[in-house]
Amino acid sequence: QQPVQSPQAVILREGEDAVINCSSSKALYSVHWYRQKHGEAPIFLMILLKGGEQKGHDKISASFNEKKQQSSLYLTASQLSYSGTYFCGEGGTSYGKLTFGQGTILTVHP
Amino acid sequence: GAVVSQHPSRVICKSGTSVKIECRSLDFQATTMFWYRQFPKQSLMLMATSNEGSKATYEQGVEKDKFLINHASLTLSTLTVTSAHPEDSSFYICSARGDPTSGVGDTQYFGPGTRLTVL
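The model shown is predicted, which means the values in this text are computed figures rather than measured ones.

Participant: Please explain the packing of aromatic side chains as it appears in this structure.
Facilitator: The geometry of an aromatic ring pair is captured by the separation of the ring centres together with the interplanar angle, meaning the angle of the planes. Per the counting criterion, the structure on display carries 10 aromatic pairs over all chains. Here B:F28 and B:Y109 contribute two aromatic rings whose centre-to-centre distance is 5.8 Å and whose plane-to-plane angle is 65°, an arrangement assigned as edge-to-face. Of the two residues, B:F28 is situated in the loop between β3 (19–25) and β4 (32–38) and B:Y109 in strand β10 (residues 108–110); the sequence distance between them amounts to 81 residues. Of the aromatic side chains, those joined through ring pairs into one cluster are A:Y34, A:F44, A:F87, A:F100, B:F28, B:Y36, B:Y109 and B:F110.

Participant: Would you explain the interface of chain A and chain B in this entry?
Facilitator: Frequently, the measure chosen for interface size is the accessible area that the parts lose on association. Counting residues at the interface gives 19 residues for chain A, matched by 18 residues for chain B. Interface of chain A and chain B: buried area, both sides summed, is about 1500 Å²; carbon and sulfur atoms make up 57% of it. Linking chain A with chain B are one salt bridge, by the criterion used here. The partner of A:K97 in a salt bridge is B:E59, and the shortest N-O contact between them spans 3.0 Å. One can count six residue pairs in polar contact (both at pLDDT 80 or more) joining chain A with chain B. For the side of chain A that touches chain B, the element with the most residues is strand β4 (residues 30–36) of chain A, which contributes three residues. Here the residues of the side of chain A that touches chain B sort into nine nonpolar, eight polar and two charged.

Participant: Explain the state of the cysteines to me, please; I cannot follow it from the model alone.
Facilitator: Each disulfide consists of a covalent bond between the sulfur atoms of two cysteine residues. By the definition in use, this model includes two disulfides over all chains. The residue that forms a disulfide with A:C22 is A:C88, at a sulfur-sulfur distance of 2.0 Å. For the disulfide bridge between A:C22 and A:C88, the dihedral angle about the S-S bond is near 75°, and by the sign convention the bridge is right-handed. Of the two residues, A:C22 is situated in strand β3 (residues 18–23) and A:C88 in strand β9 (residues 84–91); the sequence distance between them amounts to 66 residues. Disulfide pairing is shown between B:C23 and B:C94; the S-S distance is 2.0 Å. Given an S-S torsion of about 80°, the disulfide between B:C23 and B:C94 has right-handed geometry. Taken as a pair, B:C23 in strand β3 and B:C94 in strand β9 (residues 90–97) lie far apart in primary sequence, 71 residues in all. Classification of B:C23 as buried rests on a relative accessible area of 0%. Counting only cysteine sulfurs, B:C94 is the nearest neighbor of B:C13, a cysteine outside any disulfide, at a range of 18 Å. With a relative accessible area of 9%, B:C13 lands in the buried category.

Participant: Got a minute to help me understand the nonpolar core in this structure?
Facilitator: In a soluble, globular protein the nonpolar side chains are often hidden away together inside. Ranked by internal contacts, the top residues of the largest apolar core, which has 27 residues, are B:F28 and B:L116. For this core, the secondary-structure elements that each account for two or more residues are β2 (10–13), β3, β4, β5 (45–51), β7 (67–73), β8 (76–81), β9 and β11 (114–118) of chain B. Counting 21 residues, the second largest nonpolar core, distinct from the first, contains A:V31, A:M46, A:L48 and A:A62.

Participant: I would appreciate a short explanation of the pattern of salt bridges in the present structure.
Facilitator: Any two side chains of opposite charge can pair if their charged atoms end up close together. Residue and element names in this part refer to chain B. Here the structure, examined in full by the defined rule, presents four salt bridges over all chains. The salt bridge involving E22 is made with R24; its shortest N-O contact spans 3.4 Å. Owing to a relative accessible area of 33%, R24 belongs among the partly exposed residues under this scheme. Here K66 and D88 are joined by a salt bridge, their closest N and O atoms 2.9 Å apart.

Calculation criteria
- Residue positions are counted from 1 within each chain, in the order its sequence is given.
- Chains carry letters from A onward and ligands carry numbers from 1 onward, assigned in written order.
- The predicted origin of the model limits local features to residues at a pLDDT of at least 70 and limits the giving and counting of side-chain atom pairs to 80 or more, whereas totals for whole chains, interfaces and linings rest on all residues.
- For the side-chain quantities, the full set of heavy atoms in the structure was used; hydrogens and water were omitted.
- Pairing of aromatic rings covers Phe, Tyr and Trp, the last through its six-membered ring, and needs centres within 6.5 Å; plane angles under 30 degrees mean stacked, over 60 mean edge-to-face, and all others mean tilted.
- Going along the chain from the N terminus, every DSSP run of H or I of four or more residues is numbered as a helix, and every run of E of two or more is numbered as a strand.
- Working rule for contacts: check all heavy atoms of both residues, and any pair within 4.5 Å makes them a contact.
- Accessible area that two parts lose when put together, with a 1.4 Å probe and added across both, is what the buried area reports.
- A pair is scored as a salt bridge if a Lys or Arg side-chain nitrogen falls within 4 Å of a carboxyl oxygen belonging to Asp or Glu.
- Within 3.5 Å is the distance limit for a polar contact, defined as a pair of N or O atoms, with the added protein rule that one can donate a hydrogen and the other accept it, and that residues adjacent in sequence qualify only through two side-chain atoms.
- Throughout this entry, Asp, Glu, Lys and Arg are counted as charged residues, while Ala, Val, Leu, Ile, Met, Phe, Trp, Tyr, Cys and Pro are counted as nonpolar. The remaining residues, Gly among them, count as polar.
- Any pair of cysteine sulfurs within 2.5 Å is marked as a disulfide.
- Working definition: with a 1.4 Å probe on protein chains only, accessible area under 20% of the residue-type maximum means buried, over 50% means exposed, and in between means partly exposed.
- Working definition of a nonpolar core: buried Ala, Val, Leu, Ile, Met, Phe, Trp, Tyr and Cys residues. They are joined through side-chain atoms within 4.5 Å.

Below, the structure written as structure tokens:
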């Protein structure tokens, strides 16, 4: 079973904020966030581990709520370069295998 | 750091032929590599997990005799699509798991993907 991402798609104007959620039906060991542009490889954004930590760099941050089995990605003051499909990958074991959500398409307009 | 290359980036072949795709971790050693398949506007579907020096572990529904995986070294894994058919046409992406002791994060770093078209 793959994690469920919401929303499926979001359209923003430059400078607006967005939140992407990732919910799992099982206990999470870690959550990994990626962004993929059309026809390209997914680019690693950040990883969150058990412990309810929050991470961020630049204007992108994420939280991990172990009890709720969910993670959220926060994009602040969006830029055109933020456009792409965002995937969360849940790690249920320690050997590195990830199960990806269905993706959230983010489009930022000028 | 944490760069993964994939070759070729595009390949067009005739039905019945075999195609080999290479995945290399350029600046770190990867004991584990993963192979994914991605259809347009869909998520990454894991095909198999490849560990250096041992047999690959395939996901349910993936034919191991059709998708041959070899992980010859800590920096190279190959996927061979044997007797390819049009339904095998897809975007194939590999990833390599970083080793935190080598300075990269314990996550997966993806190659740029290979677009396979079988005529």
